[in-house]
Amino acid sequence: MVDNVWNHDSSNQANASKTTINLDNPNYYFNRELSWLDFNRRCIDEAFDKENPLLEQLNFLAIGSSNLDEFVMVRVAGVYDQFLAGVKVAENKTQMTPRDLLQGISEKNHENVTVQYKRYNEIIPTLDSLNYSIKRMNELNEEELAQAERYFTDLILPTLSPLGVDAYKPFPHLSNKSLNILVQLEQKKEELTAIVPIPSLLNRYTTLEVGKKRTIILTEDIIVHFISALFTGYTIKYTYPFRITRNADFDIIEDSAADLLALIEDYVKSRKKGMAVRLEIDTRGVENYNSDHHTFLQNILELADQDIYLVDGPLDLTYLFSLVDQIGEEHPDQLYKPFTPHLNPKHLGESLFDEADKKDIFLNHPFDSFKPVVSFVEQAAEDKNTIAIKQTLYRVSKNSPIISALKKAAENGKEVTVLVELKARFDEQNNVYWARELEEAGCHVLYGVSELKTHSKITLIIRKDDNKIKRYIHLGTGNYNDKTANTYTDMGVISSHDELASDASSFFNYLSGYTERPTYKHLHVSPFEIRDSLIDYINEEIDYQKQYGNGRIITKMNSLTDKPLIQKLYEASQAGVKVDLIVRGICCLRPGIPGISENIHVRSIVGRFLEHSRVYHFNRNGKKHLFLSSADMMTRNMTKRVEIEFPILDQDIEAEVLDILELQLADTMKARVLQYDGDYVRPDRTATHLNSQNELMKRANAATEAIQTMTIESKKKDNWFTRILRRFNN
């Protein structure tokens, strides 16, 4: 708990409005990295929630590991770079030094990992009820052991390359996130060390089948058990699996677009060779494990004690993703119940443009199907009236139907312009591939803006209809990725609104040509413009609060880190504006500070779907102004990315989005409320048991059933009319 940290003369809180309050006070903020670790803890805690099916609990443990890998490679590595460069202050809010921040990260993350593996070791034995068990080699029966030995001899042993380490054999370079085995050997009282890298193309585990029982054996456990086959004539003192995480946070200096493809490819390769920032060791196979067992590795990798993670379980729990898929095929009742997104048939094919002419189409994924977005591009690609398609792409799926449609459009003679953001972290290689594919198909490919990432989600389709040009747009909060659209919550609008479409044309012309920054009628485009617009709207709300006493702001985003926006929200709170923030991940704003943020409430929702949509609502004395955006309230989104914030102009859609926000503010099952001391506390469930995501799925199912009923009734009427007509004709 944090007590007595409010340094602006807490004895005179009643007179706070009359005194100048220093909003730069470090005690008014949470640190970004530590807040992210709190988010990952919330993901891990979902593995403890018995409301989640058993296999989904395992999935959350895997999500925790997957999240953490990226965090260590980028965020922790970045703080290390600051430390090594002698930077005095790690960030501008809490004013922590890099050294103190690294220590804080280590303490919080070690606690998270301990909780994660505690839960792993609790869940694994319960798989026996599903006829599955994860065993160590010494737990196998004779038949299982024989199967494991054949697997080792036939499929593993030929792929292994043991590497001795001595004065003539330097320590090998081990790839980022690869699994390896350290082997401590002895021969004639001489101690030697060897490393056995586990080839990445080997399956992480094998399934042994004896009767109805399935036994899972991890590949590293098999290798350790039969390791002596690699070191004939030597005594094995001890072995253990280990894993190195390396710095993957490199700056890209863009000299010219012509070199960017090659530059990105070199950048991806360099990730495997970055400085080590974490060492994980599976200690289960070593009796009485102590720090002497890893001194050699620690010294070679130049790591501090705080960078060493000794875990009571297998390394890299992301293997659970494939295991859950395997078990889930036989036991679907241990997974979330299947859900089919709502799909209005009118929002597909030729009728899609007709419907958009009548009224803006709102899509709330994954509750609404992503198919209309794909159909929007596919239909344009085939439509003889389409002249041009323009689109931004940040992350797309492996076999993207959007990419296929764009290529088809170019082949059909349409003018296709695609901005592919090559700098989308960890998707660079994928995007380089797609950029080349699109170019070969005849598309005009742009590689973004120098020194900025283009994170906007926008598609513009230009059609010629009755000798008139008609433009259609899709604007969204999430990527054009048909796979993640099933698991991420995102919102989007398909519209033929003239002024919005005109803004879209100006946006693409600005990106692709040489023109001054456009003046938009409805869009706000970062860098900087979105922040300026949000500050203006917050200031407006402060004025409305002073005049009418009904100031209200509701926002929903992934993360909140931008200091100018946080300070402006503090000002709104001090003026009496009621501020509700739905922030899934990082939140650097500290709510509940007397006289500063007592009117601000922050909640995080972690559930079946990854909350990803960005929504900004301002009451404006009942006039209401609601925006969707590709941007979070993060400094990078405000100043280092090309982002779009767009208004909802249709009142029915505005009401629907507001209803969704109010639903999430009422969530008691998957929400956690941020306290001023940094703890996240579940709401009181005594009155209601509301899971907002489940409620939205119910609504989607009801909408689907309503359309099906209407279709059946329509067919009955058609049949009745046909019978009457036939009788009349006879």
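Our structure's up above, just so we're on the same page.
Here the structure is a predicted model, which means the values were calculated and not measured.

What counts, and where the lines are drawn
Residues numbered from 1 in each chain as written. Predicted model: local features only at pLDDT ≥ 70, side-chain atom pairs only at ≥ 80, totals over all residues. Heavy atoms only, no water. Helix = DSSP H or I, 4+ residues; strand = E, 2+ residues; numbered from the N terminus. Buried < 20%, exposed > 50% of the residue type's maximum accessible area, 1.4 Å probe, protein only. Contact = heavy atoms within 4.5 Å. Areas by Shrake-Rupley, 256 points an atom, 1.4 Å probe, with all protein chains shown as cover. Pairing = 2+ DSSP bridges. Axes fitted to C-alpha atoms, helices over the stretch in contact; angles between N-to-C directions. Salt bridge = Lys/Arg side-chain N within 4 Å of Asp/Glu carboxyl O. Phe/Tyr/Trp six-rings, centres within 6.5 Å; stacked < 30°, edge-to-face > 60°. Lys NZ or Arg CZ within 6 Å of the ring centre and 35° of its normal. Core = buried A, V, L, I, M, F, W, Y, C linked by side-chain atoms within 4.5 Å. Expected span 1.5 Å × (residues − 1). Patch = residues over 30% accessible without salt bridge, like charges linked within 9 Å, V, L, I, M, F, W, Y side chains within 5 Å. Parallel < 35°, antiparallel > 145°, perpendicular 65-115°, else oblique.

A. Layout of the overall build of the protein. In terms of regular secondary structure, the protein is built from 18 helices and 27 strands. With respect to the three principal axes, the spread of C-alpha positions in the protein is 95 × 90 × 60 Å. Counting over 730 residues, the protein shows a buried share of 56%. Long-range contacts, defined here as pairs at least 24 residues apart, represent 74% of the contacts in the protein between residues at least 6 apart. Surface summary for the protein: the accessible area is close to 33000 Å², and the carbon and sulfur share equals 48%.

B. Quick peek at the sheet that holds strand 8 (residues 276–282). An order of 2-4-3-7-8-9 is seen for the six strands of this open sheet, with the pairing classed as mixed. On the outer flanks of this sheet lie strand 2 (163–165) and strand 9 (308–311), each paired with one strand and no other. Here the strands of the sheet are splayed against their neighbours by 30° on average, with no regard to which way each runs. Looking at chain direction, strand 2 and strand 4 (residues 190–197) are connected through three bridges and run antiparallel. By the bridge assignment for strand 4, V165 is matched with T193. Where helix 2 (residues 54–84) meets the sheet, it contacts strand 7 (235–246) and strand 8, and its direction lies at approximately 140° from that of strand 8.

C. Up close: unusual backbone geometry. Cis geometry is adopted by the peptide bond preceding P366, which originates at H365 and carries an omega value of 0°. Note that P366 resides in the loop between strand 10 (361–365) and helix 10 (371–382). Along the chain, S526 connects to P527 via a cis peptide bond; the corresponding omega equals 20°. As for its position among the elements, P527 is in the loop between strand 18 (524–526) and helix 14 (529–548). Phi at N621 takes a positive value of approximately 55°, unusual for a residue other than glycine. Take N621: it is sitting in the loop between strand 23 (614–618) and strand 24 (625–629). The phi torsion at K624 lies on the positive side, around 65°, for a residue other than glycine. Classification of K624 by relative accessible area gives partly exposed; the value is 32%.

D. Structural detail: the pattern of salt bridges. One pass over the full model with this rule turns up 43 salt bridges. In this structure, K359 and D652 form a salt bridge, with 3.0 Å as the shortest nitrogen-oxygen distance. On the criterion of sequence distance, the pair formed by K359 in the loop between helix 9 (350–358) and strand 10 and D652 in helix 17 (residues 651–665) is long-range, its members being 293 residues apart. Residue K359 is classed as partly exposed on the basis of its relative accessible area, which comes to 37%. Residue D652 is classed as exposed on the basis of its relative accessible area, which comes to 53%.

E. Seen up close, the sheet that holds strand 5 (residues 205–210). Read from one edge of the open sheet, three strands run 1-6-5, paired in mixed fashion. Where the open sheet ends on each side, the last strands, each with one partner, are strand 1 (132–134) and strand 5. Put simply, the sheet's adjacent strands are angled 25° from each other on average, direction ignored. Note that strand 1 and strand 6 (residues 213–218) share three bridges and pair parallel. By the bridge assignment for strand 6, I134 is matched with I216. Running over the sheet, helix 4 (residues 142–156) touches strand 5 and strand 6 and is turned about 140° from strand 5.

F. Fine view of the packing of aromatic side chains. All told, the structure shown has 20 aromatic pairs when counted by the stated rule. Plain terms: the ring middles of F507 and F508 are 5.5 Å apart, the flat faces sit at 80° to each other, and that makes the pair edge-to-face. Pairwise contacts between aromatic rings join Y28, Y29 and Y570 into one cluster. When the ring centre of F353 is taken as reference, the NZ or CZ atom of R463 above it lies at 4.3 Å.

G. Looking closely at the nonpolar core. L127, L560, L569, Y570 and L589 are the most contacted members of the largest nonpolar core, which has 111 residues in total. The element contributing the most residues to this core is helix 2, with 13 residues. Here Y570 is in contact with L23, Y28, Y29, L589, R590, I593, I596, S597 and I600, once residues within four sequence places are set aside. In terms of nonpolar packing, the next biggest core, distinct from the first, is built from 45 residues, F362, F367, L663 and A700 among them.

H. Up close: helix 14. Spanning 20 residues, helix 14 covers 28 Å between terminal C-alpha atoms, matching the ideal 28 Å at 1.5 Å per step. Those residues of helix 14 lying buried are I530, R531, S533, L534, I535, Y537, I538, E541, I542, Y544 and Q545. Directly beyond the C-terminal end of helix 14, a positive phi value near 70° is found at G549.

I. Region of the structure containing a nonpolar patch on the surface. A contiguous nonpolar surface patch, about 270 Å² in accessible area, is contributed by F83, L84 and M275. Residue placement: L84 occurs in helix 2. Taking the relative accessible area as the measure of exposure, L84 reaches 57% and is therefore exposed.

J. View of the packing of helix 1 (residues 32–45) against helix 3 (residues 98–123). Taken N-terminus to C-terminus, the directions of helix 1 and helix 3 make an angle of 0°; their axes are 10 Å apart at the nearest point. The angle between helix 1 and helix 3 falls in the class roughly parallel. Counted together, E33, L34, L37, D38, R41 and I44 of helix 1 and L101, G104, I105, K108, N109, E111, N112, V115 and Q116 of helix 3 form the full contact between these two elements.

K. Here's a closer look at the pairing of strand 4. Both strand 3 (residues 179–187) and strand 4 contribute to a ladder of eight bridges, which runs antiparallel. The partner of E186 across the bridge, within strand 4, is E191. With antiparallel pairing between neighbouring strands as the criterion, strand 3 and strand 4 make up a hairpin whose turn holds two residues, including K188 at a positive phi of roughly 50°.

L. Geometry of the environment of K521. As for its position among the elements, K521 is in the loop between helix 13 (498–512) and strand 18. Here the alpha-carbon distance between K521 and N621, two residues 100 residues apart in the chain, equals 23 Å. With residues near it in sequence (within four places) discarded, K521 still touches E499 and D503.

M. Looking closely at the pairing of strand 10. Most of strand 10 sits inside the fold, with five of its five residues counted as buried. With burial as the criterion, each face of strand 10 is covered, one bearing I361, L363 and H365 and the other bearing F362 and N364. Two elements, strand 10 and strand 17 (residues 488–495), share five bridges in a ladder whose sense is antiparallel. In the strand pairing of strand 17, H365 is matched with D490.

N. How the structure looks around the side chain of N52. Among the secondary structure elements, N52 is positioned in the loop between helix 1 and helix 2. Apart from residues lying up to four places away in sequence, N52 is in contact with E46, Q57, F60, Y336 and K670.

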